Amino acid sequence: IRRLQSFYKDKDREQWTYATMDLADYLDFLGRRDDGKNEYERLLREAPDLLFIHIRYAEFLEKGGDIDEAVRHYKKVLQLEDQADFPT
């Protein structure tokens, strides 16, 4: 995953983002949930306009039992959906 991140870093923002989300999910799988949350939160700071980050983070939060926070991100997706240039 780190190699993918490094490869896409300055070449393809979307693929770099997906690799980073994969890393966050993998960290959670390894029992490092806080590290995974930090990766998602960093992505949201860097690219708050990318809806798929909010969706994946909401799923991550929901899976971990952080329902209220997950709902907040799902609502954000619905608010931003009108601005999206692709159906979500």
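See the structure above.
It should be emphasised that the depicted structure is a prediction, and the values quoted were computed from it without experimental measurement. Numbering of residues starts from 1 in each chain and follows the order in which that chain's sequence is written. Side-chain atom pairs in this predicted model are given and counted only at pLDDT of 80 or more, local residue features only at pLDDT of at least 70, and totals for whole chains, interfaces and linings cover all residues. The side-chain quantities take in all heavy atoms of the structure and omit both hydrogens and water.

Chemist: Where do I start with the overall build of the chain in this structure?
Modeler: Tallying secondary structure elements over the chain gives five helices and zero strands in all. Helices and strands appear in the chain in the N-to-C order α-α-α-α-α. Here the C-alpha atoms of the chain give a radius of gyration of 13 Å, agreeing with the 12 Å that 2.2 N^0.38 yields for 88 residues. Overall, the chain is about 35 × 30 × 20 Å in size when its C-alpha atoms are taken along their principal axes. In this scheme, a residue with accessible area under 20% of its type's maximum is buried, one over 50% is exposed, and one in between is partly exposed, where area comes from a 1.4 Å probe on protein chains only. Across the 88 residues of the chain, 36% fall into the buried class. Any two residues having at least one pair of non-hydrogen atoms within 4.5 Å are treated as being in contact. Long-range contacts, defined as pairs at least 24 residues apart, comprise 43% of the intrachain contacts of the chain with a sequence gap of at least 6. Runs of E in the DSSP output that reach at least two residues are strands. Runs of H or I that reach at least four are helices, and both are numbered from the N terminus. The quantity called the radius of gyration is restricted to C-alpha atoms. Its globule counterpart is 2.2 Å times the number of residues to the power 0.38.

Chemist: What should I look at first to understand a nonpolar patch on the surface in this one?
Modeler: Patches here: salt-bridge-free residues with over 30% relative accessible area, like charges joined within 9 Å, nonpolar side chains (Val, Leu, Ile, Met, Phe, Trp, Tyr) joined within 5 Å. Shrake-Rupley sampling with a 1.4 Å probe provides the accessible areas, and residues are treated as covered by the protein chains on show and by no other component. Salt bridges are defined by distance alone: a side-chain nitrogen of Lys or Arg within 4 Å of a carboxyl oxygen of Asp or Glu. Residues Ile1, Tyr26, Phe29 and Leu30 make up a contiguous nonpolar surface patch of roughly 440 Å² in combined accessible area. You can see tyrosine 26 is positioned in helix α2 (residues 13-29).

Chemist: What exactly am I supposed to notice about the packing of α2 against helix α3 (residues 33-46) here?
Modeler: The angle between the axes and the distance between the axes are what describe a pair of packed helices. Across the interface, α2 lies against α3 with an axial gap of 6 Å and an inter-helix angle of 160°. Taken together, α2 and α3 sit at an angle that is classed as roughly antiparallel. Once α2 is placed against α3, the crossing between them reads as left-handed. Contacts from Arg13, Trp16, Thr17, Thr20, Met21, Leu23, Ala24, Asp25, Leu27 and Asp28 of α2 reach α3 at Arg33, Asp35, Gly36, Glu39, Tyr40, Arg42, Leu43 and Glu46. Along the lines of polarity and charge, the residues of the contact of α2 with α3 split into seven nonpolar, three polar and eight charged. Think of each axis as a best-fit line through the C-alpha atoms, taken over the contacting stretch in the case of a helix, with angles from 0 to 180 degrees between the N-to-C directions. Note on terminology: angles under 35 degrees are roughly parallel, angles over 145 are roughly antiparallel, angles of 65 to 115 are roughly perpendicular, and the others are oblique. When the near helix sits turned anticlockwise from the far one by under a right angle, the crossing is termed left-handed; a clockwise turn instead gives a right-handed crossing. Note on residue categories: nonpolar means Ala, Val, Leu, Ile, Met, Phe, Trp, Tyr, Cys or Pro, charged means Asp, Glu, Lys or Arg, and polar means any other residue, Gly included.

Chemist: Please clarify how the nonpolar core should be interpreted in this entry.
Modeler: The tendency in soluble globular proteins is for nonpolar side chains to be buried as a group. If you look at the biggest cluster of nonpolar residues, it comprises 14 residues, and the most contacted ones within it are Met21, Tyr40, Ile53 and Tyr57. No other element matches helix α4 (residues 51-63), which puts five residues into this core. Ignoring sequence-local partners within four residues, the contact set of isoleucine 53 consists of Thr17, Met21, Tyr40, Leu43, Leu44 and Ala47. Take the buried Ala, Val, Leu, Ile, Met, Phe, Trp, Tyr and Cys residues and link them wherever side-chain atoms come within 4.5 Å; each set so joined is a nonpolar core.

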